Amino acid sequence: MVELITAVLAAYCAQRWGLTLVGLAWFGFCAALLTLALIDFDTTLLPDDITLPLLWAGLIASTLHWTAVPLSDSLWGAIGGYLSLWSVYWAFKLFTGKEGMGYGDFKLLAALGAWFGWQALVPIVLASSMIGAVIGVGLKLSRRLEDGQAMPFGPFLAGAGFAALFFGPQTILHVIGL
């Protein structure tokens, strides 16, 4: 199944950007995002070996004009993505004494901010949070998620990243009703 999804993503990138370096860069983005989602789903970890190169690749792609995002928006997207979830993490930890998410989530949102710009952060966070909440409630009601059991956020961030790629951040806001 993973190989089939990867092939579909490769075909999508080739169709949208052609067999170019830009298409290859976006395919690398897709492959990394899929890999991160699956690893986080299995292990609740987002490895630095994938998140950090994805972040740097987004900044480089912006610099080379392989995205429609100006470098300053890409840089602020990376900074804003990291700091927003970092702030939520520390606020939650101060109020509850527990860790609510891992550092990999900060880095993944920073990478998405680098690829899509700071303007895409709100739609990506809203979409991933809403989908994660719906699935979390469903798992709780079906008793597949026990009290205190961790649920990885990376797959929902990755899903919102794919939605931003396929449909655009503005479409995400429209679907949510904003």
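Small disclaimer: the values here were computed from a predicted structure and weren't measured.

Colleague: Sorry if this is basic, but what is going on with the overall build of the protein here?
Modeller: Counting secondary structure elements, the protein contains eight helices and zero strands. Listing the helices and strands of the protein from first to last along the sequence gives α-α-α-α-α-α-α-α. Over its C-alpha atoms the protein spans a radius of gyration of 16 Å, differing by no more than 12% from the 16 Å that the globule rule assigns to 178 residues. Dimensions along the principal axes, computed over C-alpha positions, put the protein at roughly 50 × 35 × 35 Å. The buried share among the 178 residues of the protein stands at 40%. When contacts within the protein are restricted to residue pairs at least 6 apart in sequence, long-range pairs at least 24 apart make up 66% of them. Looking at the protein as shown, the accessible area adds up to about 10000 Å², and 71% of this sits on carbon and sulfur atoms. The positive charge centre, built from 7 side chains, and the negative charge centre, built from 10, are 9 Å apart in the protein.

Colleague: How do you make sense of helix α5 (residues 103–116) when you look at a structure like this?
Modeller: Note on helix geometry: an α-helix contains 3.6 residues per turn, so any two residues three or four positions apart are oriented the same way. Taking 1.5 Å of rise per residue, the 14 residues of α5 would be expected to cover 20 Å, and the 20 Å separating its terminal C-alpha atoms lies within 8% of that figure. The buried fraction of α5 amounts to 13 of the 14 residues, a majority that puts the element mostly inside the structure. Once α5 finishes, Gly117 follows within two positions and takes phi at roughly 90°, a positive value.

Colleague: Please clarify how the side chain of Thr67 should be interpreted in this entry.
Modeller: In this structure, Thr67 sits in the loop between α3 (48–63) and α4 (71–96). Engagement of the side chain of Thr67 in a polar contact is seen with the backbone nitrogen of Val69, the distance being 3.2 Å. Those residues within four positions of Thr67 in sequence are excluded, and the remaining contacts are Trp26, Ala61, Ser62 and Trp115.

Colleague: Just to check I follow, could you spell out the side chain of Ser128 for this structure?
Modeller: Take Ser128: it is sitting in helix α6 (residues 121–141). A distance of 2.8 Å separates a polar atom in the side chain of Ser128 from the backbone oxygen of Ile124. Other than its neighbours up to four places away in sequence, Ser128 contacts Phe153, Phe156, Leu157 and Ala160.

Colleague: Is there a simple way to think about unusual backbone geometry in this case?
Modeller: Most of the time, phi is negative for any residue but glycine, and the peptide bond is trans. A positive phi angle is found at Thr44, which is not glycine, with a value near 60°. Along the chain, the position of Thr44 falls in the loop between α2 (21–43) and α3. Looking at Thr44, the relative accessible area reads 43%, which means it is partly exposed. With phi around 65°, His65 is a residue other than glycine that occupies positive phi space. Along the chain, His65 turns up in the loop between α3 and α4.

Colleague: In this structure, what is going on with the packing of α2 against α5? I would like to understand it.
Modeller: Packed helix pairs are characterised by how far apart their axes lie and by the angle those axes make with each other. Contact geometry of α2 with α5 gives a least axis separation of 12 Å together with a crossing angle of 160°. The orientation of α2 relative to α5 falls into the category roughly antiparallel. Handedness of the crossing formed by α2 with α5: left-handed. Here Ala25, Trp26, Phe29, Leu33, Leu36 and Asp40 of α2 come into contact with α5, specifically with Asp105, Leu108, Leu112, Trp115 and Phe116.

Thresholds applied
Residues numbered from 1 in each chain as written. Predicted model: local features only at pLDDT ≥ 70, side-chain atom pairs only at ≥ 80, totals over all residues. Heavy atoms only, no water. Helix = DSSP H or I, 4+ residues; strand = E, 2+ residues; numbered from the N terminus. Rg over C-alpha atoms; globule rule 2.2 N^0.38 Å. Buried < 20%, exposed > 50% of the residue type's maximum accessible area, 1.4 Å probe, protein only. Contact = heavy atoms within 4.5 Å. Areas by Shrake-Rupley, 256 points an atom, 1.4 Å probe, with all protein chains shown as cover. Lys, Arg positive; Asp, Glu negative; His and termini not counted. Charge placed at Lys NZ, Arg CZ, Asp CG, Glu CD. Expected span 1.5 Å × (residues − 1). Polar contact = N/O pair within 3.5 Å; in protein donor to acceptor, adjacent residues only side chain to side chain. Axes fitted to C-alpha atoms, helices over the stretch in contact; angles between N-to-C directions. Parallel < 35°, antiparallel > 145°, perpendicular 65-115°, else oblique. Left-handed = near helix turned anticlockwise from the far one by under 90°.

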